[in-house]
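Coordinate inspection notes
The chain contents come next:
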Amino acid sequence: MNPEELIERNFERLKDEPYRPARVFREPTYDWPGDMEGRAMLAFVCHYLIHGKKVPQFDEVFRDNDLHVNQDGYYGALFNPEAIDEQQLAGNSWYLRGLLAYGDAFRDSKAYAYAKSTIEKLYKPALKVFPQYPVQRDGVVLGGVYGNLSAQLGKWKLSSDIGCAFIALDGIGHYYQHFPDQELHDLLVPAIDFFLGLDREGLHAQSHGTLSALRGILCFYEQTKEERYLVAVEKVFRLYREKAVTLNYDCYNWFGRPETWSEPCAVTDSLILATKLYKITKKEEYRILARRVFFNAFPFSLRPNGGAGPNSCTTLEAPCLHIVYDEAFQCCTMRYAEGLLNYHENQELFQEEANPLIHQEGTRYFRSDHLLCEDVENLYPQVPHYEIDGKSLIEIPTMTSLSWDEARRAKIKVSF
């Protein structure tokens, strides 16, 4: 795997039509307000931080933001405590992250002002009612590849991406790290505590929503140094690793649903969490996990066009990795950029070992932290092969050398 190639391919994809202003700024009826806009802004800044290059539409998107937000400076309807839209809370978290990233990169006071208004007008009121989030899900449709508003219970308009409201803790946590204030602290504490007490398995909570929230809580810990939040993040992250991680370090999109598909958004979240937890705690388990996520989940998530999309969930019962959906251009392609930035900023963590050893762990083979697999369709004859126990194995490949037709029939066996 050549990480620089992944970076360049993803950058080229973000130049394409779905990420130009006419598509980034969605219609008023879009039921994920701020989501496409915010993820695009964040992805553009991530690539700028990696190699100093801007996608051609970079300046136009940030300039035209003024034309599309509501009177309080964020996306969607004004906050209504009688009809709380969890997808709006999730989507605007990415908008908040994009604003903060842009403000940091260019010391832009206008971006910070929009971020402050979003906190004051949307998230401070919302945090007051987070502990009332419905945990009984009768009548709520389990999620498909695209989340959608599926029910209203009490004051909450709920998504099939169960628990996505808590993605907001990511944006809020990052904001608190930039601009801590006592009122926001006091609102965050009960919201975080409620989230930490959720039965993720029972709810079939979305992995992406859970891991994004953990990243925000980790920001809160870094600012407050309140040890219980670090302990709690580690506990929930351990549950994720035990109950929602595939054999190739990808994820189940929802806790307890291995029959579904993975999501590169959550893979990016897990990569960032593992990296940051290693830097904070120096625990070897997080160093190994970060490397294995990057080497084994990241490559096969990138598509021939530089986008990213969901794959099969590899388990002992279903050990073959393959494409499930071509690309999730509206989310995963953009979040992939943040995973690449995490690699770029922590390259020493991902350096290849000088003399990597091949070893077996249960039903899997590894070369250092690279999972070795069987190229079932023989689409990668040009890569190094390792003869082990009568098997000819390769490291998890990328799809950059494949056509779309080849990528769609690629099948990689990871367990024997």
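Look up: the structure comes first, before these words.
Residues numbered from 1 in each chain as written. Predicted model: local features only at pLDDT ≥ 70, side-chain atom pairs only at ≥ 80, totals over all residues. Heavy atoms only, no water.

1. Description of the overall build of the protein
Looking only at helices and strands, the protein has 16 helices and 10 strands in total. Burial analysis of the protein (416 residues in total) assigns 59% to the buried set. The long-range share in the protein, meaning contacts at least 24 apart out of those at least 6 apart in sequence, stands at 70%. (Helix = DSSP H or I, 4+ residues; strand = E, 2+ residues; numbered from the N terminus. Buried < 20%, exposed > 50% of the residue type's maximum accessible area, 1.4 Å probe, protein only. Contact = heavy atoms within 4.5 Å.)

2. Some details on the environment of Gly-171
Considering the arrangement of structural elements, one finds Gly-171 in helix α7 (residues 168-178). On the accessibility criterion, Gly-171 (0% relative accessible area) is buried.

3. Things to note about the side chain of Arg-200
Along the polypeptide, Arg-200 turns up in helix α9 (residues 200-203). Although Arg-200 is buried, it makes no salt bridge; Asp-199 carries the closest opposite charge, 7.4 Å away. Excluding residues within four positions of it along the chain, Arg-200 makes contact with Phe-195, Ala-205, Thr-210, Val-236, Leu-239 and Phe-255. (Lys, Arg positive; Asp, Glu negative; His and termini not counted. Salt bridge = Lys/Arg side-chain N within 4 Å of Asp/Glu carboxyl O.)

4. Let's talk about the pattern of salt bridges
This model, assessed by the stated rule, comprises 38 salt bridges. A salt bridge links Asp-369 to Arg-292; the shortest N-O distance between them is 3.0 Å. Here Asp-369 is found in the loop between β6 (364-367) and β7 (370-375), whereas its partner Arg-292 is found in helix α13 (residues 284-296), with 77 residues between them in sequence. By relative accessible area, which is 6% here, Asp-369 ends up buried. When the shortest N-O distance is used, the salt bridge between Arg-408 and Asp-405 registers 3.7 Å. Placement of the pair is Arg-408 and Asp-405 together in helix α16 (residues 404-409), with a separation of 3 residues, close to one helical turn. Judged by its relative accessible area of 43%, Arg-408 falls in the partly exposed class. Look at Asp-405 and you get exposed, because its relative accessible area is 59%. Beyond isolated ion pairs, a larger network of salt bridges with shared partners links Arg-97, Asp-170, Arg-215, Asp-269, Arg-335 and Glu-338.

5. Here we look at the layout of surface pockets
Roughly 570 Å³ of volume is contained in the largest pocket. Every residue lining the largest pocket is counted, 23 residues in all, and those nearest its centre are Arg-97, His-174, Glu-338, Leu-341 and Glu-345. For the lining of the largest pocket, the secondary structure elements donating two or more residues are α3 (35-51), α5 (86-106), α7, α10 (207-224), α12 (264-281) and α15 (332-345). For the lining of the largest pocket, the element with the most residues is α5, which contributes 5 residues. Of the residues contributing to the lining of the largest pocket, the split by class is 10 nonpolar, 6 polar and 7 charged. (1 Å grid on protein atoms, 1.4 Å probe; cavity = no way out; pocket = protein on both sides within 12 Å on 5 of 7 lines; lining within 4 Å. Points joined across faces, edges and corners; volume = space filled by probe spheres on them. Nonpolar A, V, L, I, M, F, W, Y, C, P; charged D, E, K, R; others polar.)

6. Regarding the nonpolar core
What tends to happen in soluble globular proteins is that the nonpolar side chains get buried as a cluster. One finds Leu-89, Trp-156, Leu-169, Leu-188, Leu-214 and Phe-237 to be the most contacted residues of the largest nonpolar core, which totals 134 residues. It is helix α6 (residues 109-129) that contributes the most residues to this core, 10 residues altogether. The contacts of Leu-89, once residues within four sequence positions are left out, are Ile-84, Leu-122, Tyr-123, Ala-126, Phe-130, Trp-156, Ala-165 and Ala-168. (Core = buried A, V, L, I, M, F, W, Y, C linked by side-chain atoms within 4.5 Å.)

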